[in-house]
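What the coordinates show
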Amino acid sequence: MGATKVVEEKNQQMEESLNLFTSTQVVIKEALMKLGYNEDMYELLKEPLRMLTVRIPVRMDDGSVKIFTGYRSQHNDAVGPTKGGVRFHPEVNEDEVKALSMWMSLKCGIVDLPYGGGKGGIICDPRTMSMGELERLSRGYVRAISQIVGPTKDIPAPDVYTNSQIMAWMMDEYSRLREYDSPGFITGKPLVLGGSQGREKATAQGVTICIEEAAKKRGISIAGARVVIQGFGNAGSFLAKFLYDAGAKVIGISDAYGALYDPNGLDIDYLLDRRDSFGTVTTLFENKISNEELLELDCDILVPAAISNQITAKNAANIKASIVVEAANGPTTIEGTKILTDRGILLVPDVLASSGGVTVSYFEWVQNNQGYYWSEEEVNEKLHKVLVQAFNNVYETAQQRRVNMRLAAYMVGARKMSEASRFRGWV
Ligand SMILES: NC(=O)C1=CN([C@@H]2O[C@H](COP(=O)(O)OP(=O)(O)OC[C@H]3O[C@@H](n4cnc5c(N)ncnc54)[C@H](O)[C@@H]3O)[C@@H](O)[C@H]2O)C=CC1
Ligand SMILES: O=C(O)CCC(=O)C(=O)O
């Protein structure tokens, strides 16, 4: 074989898929086959049952009208109503939203909630929009998807660049359309509108519990551990605070504009105080490193808590952490997962590690339905129990079936929706 051909083949092998939807299909198929299901089950679960694309006209502050594109994907509702966040981001696309809804089904299975997975997104950059424009966009989105969502159909929540204010506008719009107060339509609301104690910090709480459990397995003590976190928004910043308070040394954090590094540990309280509502803080500093450099820092625990496709075939061999815990959705590709696993790094996958958010969203929905509210201690205690059990289920499945933690998590997560679909006679 000629030298050029060898190089070409090598390049082809190195080329990896960054398509979140098709990569998810590969792992779902593997999980279903390992569980003993046939092709029919895979045909059912390989893509969402419903995908709605909407165009939302919004009057901008300068008087012009801008048309935004939005999506709502409902993966599988055999277990119950679908559930999942809404993302406002310039790079949102249909395949990403589909994959995100499939991951929500898996998360709900892993933490055993009575839901299937849903997810939504709008192509926009909220960092460049006024509050008025954001409110009109949020309300327009709810009007556009109102036929397929609702407290017993599909329940949205916050995700990247959306927050409790946006949830409040969406809840108000839905309640106006239905002509009755509907707090159970959406979760992640402000407390005064039926939000749950603990929801704002729930994703980070869940990640922290997974880190504690993973650290026990690896004999690492959180106090003194060197931690690097990519992303300083809802998930990343509260996580940094929890670990900092537990005595860890958070040596690196980042946002969309760069990363901060201090081998002696960053002052997380100071950074929390200075970050803006979009999780931006690095713009205030000059001595920055890049997000790429951040991921390769020498540390014990690495937490990608921002966007997808961050650990890939290109950089997985350079990751120095002994534990990687995915707070973000989809931060590691299939090839990245393989390289980390082959190198003996304990990778706690997104569908497990980031499931604290939807768990407390479920608690919020339950409280809305019963009209009786729990204290933060009660919420946190319930969350702790659910997450420790979920972590150990996935860890033991990985050990017993000799598979990596991602495949084990998919196996645990896919079982409930598969069984529910079978009992309903769909497959
Ligand atoms: N908020 C929640 O309840 C949950 C969030 N997640 C996932 O956690 C991740 C972060 O979400 P949130 O913290 O809620 O979002 P957020 O909007 O509060 O913060 C996002 C953070 O990521 C940073 N970021 C954005 N683009 C980036 C880029 N290109 N490179 C590096 N950093 C970038 C932002 O600057 C910000 O610090 C997402 O993958 C999300 O899907 C998962 C489960 C629940
Ligand atoms: O809180 C929820 O319902 C969903 C959170 C979410 O979108 C996620 O876990 O990715």
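Figured I'd write up the structure that's included with this text. Each chain has its residues counted from 1, running along the sequence as written. For naming, the first written chain is A and the first written ligand is 1, with later ones following in the order written. Per-residue local features are limited, in this predicted model, to residues with pLDDT of at least 70; the limit for side-chain atom pairs, both in listing and counting, is 80 or more; totals at the level of whole chains, interfaces and linings are taken over all residues. Water and hydrogen atoms play no part in the side-chain values, which are based on all heavy atoms of the structure.

**Brief notes about the packing of helix α7 (residues 199–218) against helix α8 (residues 234–245)**
Whenever a helix is involved, its axis is fitted only over the stretch in contact; in every case the axis is a line through C-alpha atoms, and angles between N-to-C directions fall within 0 to 180 degrees. By the criteria applied, helices consist of DSSP H or I runs no shorter than four residues and strands consist of E runs no shorter than two, each listed in order from the N terminus. Between α7 and α8, the shortest axis-to-axis distance is 8 Å and the interhelical angle comes to 55°. Our classification of the angle between α7 and α8 gives oblique. Seen from above, α7 lies across α8 with right-handed handedness. Residues Glu200, Lys201, Thr203, Ala204, Gln205, Val207, Thr208 and Ile211 of α7 form the contact with α8, whose participating residues are Asn234, Ala235, Phe238, Leu239, Phe242 and Leu243. Here the angle decides the label: under 35 degrees means roughly parallel, over 145 means roughly antiparallel, 65 to 115 means roughly perpendicular, and every other value means oblique. The crossing is said to be left-handed when, going from far helix to near helix, the turn is anticlockwise and less than a right angle, and right-handed when the turn is clockwise. Contacts are residue-level and defined by heavy atoms, with any inter-residue pair within 4.5 Å sufficient.

**Quick word on helix α14 (residues 376–401)**
Between its first and last C-alpha, α14 extends 37 Å over 26 residues, near the 38 Å set by a 1.5 Å rise per residue. When α14 is considered as a whole, its buried residues turn out to be Val379, Leu383, Leu387, Ala390, Phe391, Asn392, Val394, Tyr395, Thr397 and Ala398. Looking at the packing, one finds that the buried side of α14 touches α4 (94–110), α7, β12 (346–348), α12 (350–353), α13 (356–370) and α15 (405–423). Directly beyond the C-terminal end of α14, a positive phi value near 50° is found at arginine 402. For a helix, the expected span equals 1.5 Å multiplied by the residue count minus one. Categorising residues by exposure relies on relative accessible area from a 1.4 Å probe, with only protein chains included: less than 20% of the type maximum marks a residue as buried, more than 50% marks it as exposed, and the intermediate range marks it as partly exposed.

**Comments concerning the nonpolar core**
As used here, the term nonpolar core means buried Ala, Val, Leu, Ile, Met, Phe, Trp, Tyr and Cys residues forming a set that is joined through side-chain atoms within 4.5 Å. Among the nonpolar cores identified, the biggest contains 84 residues, and Ile211, Ile229, Ile253, Val303, Val325 and Leu352 are the most heavily contacted of them. For this core, the element with the highest residue contribution is α15, accounting for 9 residues. Apart from the residues within four sequence positions on either side, leucine 352 is in contact with Ile110, Cys210, Leu387, Ala390, Phe391, Val394 and Met405. Judged by nonpolar contacts, the second largest core, of 27 residues, contains Met60, Val142, Met170 and Phe185.

**Side note on the packing of α14 against α15**
Their axes nearest at 8 Å, the elements α14 and α15 cross at an angle of 115°. As judged from the angle between their axes, α14 and α15 are roughly perpendicular. Where α14 crosses over α15, the handedness of that crossing is right-handed. Of the residues in α15, those touching α14 at Phe391, Asn393, Val394, Tyr395, Thr397, Ala398 and Arg401 are Met405, Ala408, Ala409, Met411 and Val412. When the residues that make up the contact of α14 with α15 are grouped by side-chain class, the tally is 9 nonpolar, 2 polar and 1 charged. Three classes are used: nonpolar for Ala, Val, Leu, Ile, Met, Phe, Trp, Tyr, Cys and Pro, charged for Asp, Glu, Lys and Arg, and polar for all others, with Gly counted as polar.

**Remarks on the pairing of strand β1 (residues 50–59)**
Two strands qualify as a pair provided DSSP detects at least 2 bridges between them. Pairing analysis gives 10 bridges linking β1 to strand β2 (residues 65–74), with the strands arranged antiparallel. Of the residues in β2, the one forming a bridge with methionine 51 is serine 73. Taking the residues that link successive antiparallel strands as the turn, the β1-β2 hairpin has 5 residues, and the phi of glycine 63 there is positive, at about 95°.

**A short note on the site of ligand 1**
When we say a residue is near a molecule or strand, we mean one of its heavy atoms is within 4 Å of it. In the vicinity of ligand 1 there are 24 residues, among which Asp159, Tyr161, Thr203, Gly279 and Asn329 approach most closely. Polar contact is the term for a pair of N or O atoms within 3.5 Å; when the atoms are in protein, one must be able to donate a hydrogen and the other to accept it, and sequence-neighboring residues count only if both atoms are side-chain atoms. Contacts to ligand 1 include aspartate 159, whose side-chain N or O atom sits 2.7 Å from an oxygen atom. In this structure, alanine 256 approaches ligand 1 through a main-chain N or O atom, which is 2.9 Å from an oxygen atom. For ligand 1, whose accessible area on its own is 820 Å², the fraction buried by protein is 91%. Elements supplying a minimum of two residues to the shell around ligand 1: α7 and α8. For accessible areas, the Shrake-Rupley method is used with a probe of radius 1.4 Å. Any residue's cover is judged against the shown protein chains and nothing else.

**What to know about the pairing of strand β5 (residues 116–123)**
Burial runs high along β5: 7 of the 8 residues are buried. When β2 meets β5, the two strands line up antiparallel, connected through 5 bridges. Bridged to serine 73 within β5 is lysine 119. Relative to β5, strand β3 (residues 82–83) runs parallel, the two being bridged by 2 bridges.

**Here we look at the site of ligand 2**
Near ligand 2 you find 13 residues, and of these Lys83, Gly85, Lys107, Lys119 and Ser361 are the closest. Here arginine 199 contributes a side-chain N or O atom positioned 3.0 Å from an oxygen atom of ligand 2. Across the complex, the protein chains shield 96% of the 290 Å² of accessible surface that ligand 2 would expose by itself. Only α4 and α13 provide two or more residues apiece to the shell around ligand 2.

**Description of unusual backbone geometry**
Positive phi outside glycine occurs at aspartate 112, with the angle close to 55°. Of note, aspartate 112 is situated in the loop between α4 and β5. Classification of aspartate 112 by relative accessible area gives exposed; the value is 53%. At asparagine 309, a position not held by glycine, the phi torsion is positive, near 55°.

**Comments concerning a nonpolar patch on the surface**
Only residues whose relative accessible area exceeds 30% and that form no salt bridge are eligible for patches; like-charged ones are grouped when within 9 Å, while nonpolar side chains (Val, Leu, Ile, Met, Phe, Trp, Tyr) are grouped when within 5 Å. For this analysis, a salt bridge means a side-chain nitrogen from Lys or Arg found within 4 Å of a carboxyl oxygen belonging to Asp or Glu. On the surface, Leu49, Trp426 and Val427 cluster together into a nonpolar patch covering about 240 Å² of accessible area. Inspection of the secondary structure assignment puts tryptophan 426 in the segment after α15.

**Description of the sheet that holds β12**
One open sheet accounts for 6 strands, arranged β9-β8-β7-β10-β11-β12; its pairing is mixed. In the strand order of this sheet, the two ends are held by β9 (258–261) and β12, each with one partner. Neighbour-to-neighbour, the strand axes of the sheet open up by a mean angle of 15°, direction not taken into account. With 2 bridges joining them, strand β10 (residues 301–304) and strand β11 (residues 323–325) adopt parallel strand pairing. Looking at the pairing, leucine 302 lines up with valine 324 of β11.

**Quick look at the packing of aromatic side chains**
In this description, an aromatic ring pair is defined by two values, namely the gap between the centres and the angle between the planes. Each aromatic pair joins two rings of Phe, Tyr and Trp (for Trp, the six-membered one) with centres within 6.5 Å, and gets the label stacked for planes under 30 degrees apart, edge-to-face for over 60, and tilted for any other angle. Enumeration over the complete set of coordinates arrives at 8 aromatic pairs. Measuring from ring centre to ring centre gives 5.6 Å for tyrosine 161 and phenylalanine 278, while their planes differ by 90°; the resulting arrangement is edge-to-face. Here phenylalanine 278 lies in the loop between α9 (268–274) and α10 (291–295) and tyrosine 161 lies in the loop between β6 (154–155) and α6 (164–178), a separation of 117 residues in the sequence. Residue classification places phenylalanine 278 among the partly exposed positions, given a relative accessible area of 24%. Between tyrosine 174 and phenylalanine 185, the ring centres sit 4.1 Å apart and the planes meet at 5°, which makes this aromatic pair stacked. Taken together, the residues span a long stretch of sequence, with tyrosine 174 in helix α6 and phenylalanine 185 in the loop between α6 and α7 at a distance of 11 residues. In this pair, the class of tyrosine 174 matches that of phenylalanine 185, namely buried. Joined through ring pairs, the aromatic side chains of Tyr115, Tyr362, Phe363, Trp365 and Trp374 make up one cluster. Arginine 422 extends its terminal NZ or CZ atom over the ring of phenylalanine 423, reaching a point 5.2 Å from the ring centre. Two thresholds decide whether a charge sits over a ring: the Lys NZ or Arg CZ must be within 6 Å of the ring centre and within 35 degrees of the ring normal.

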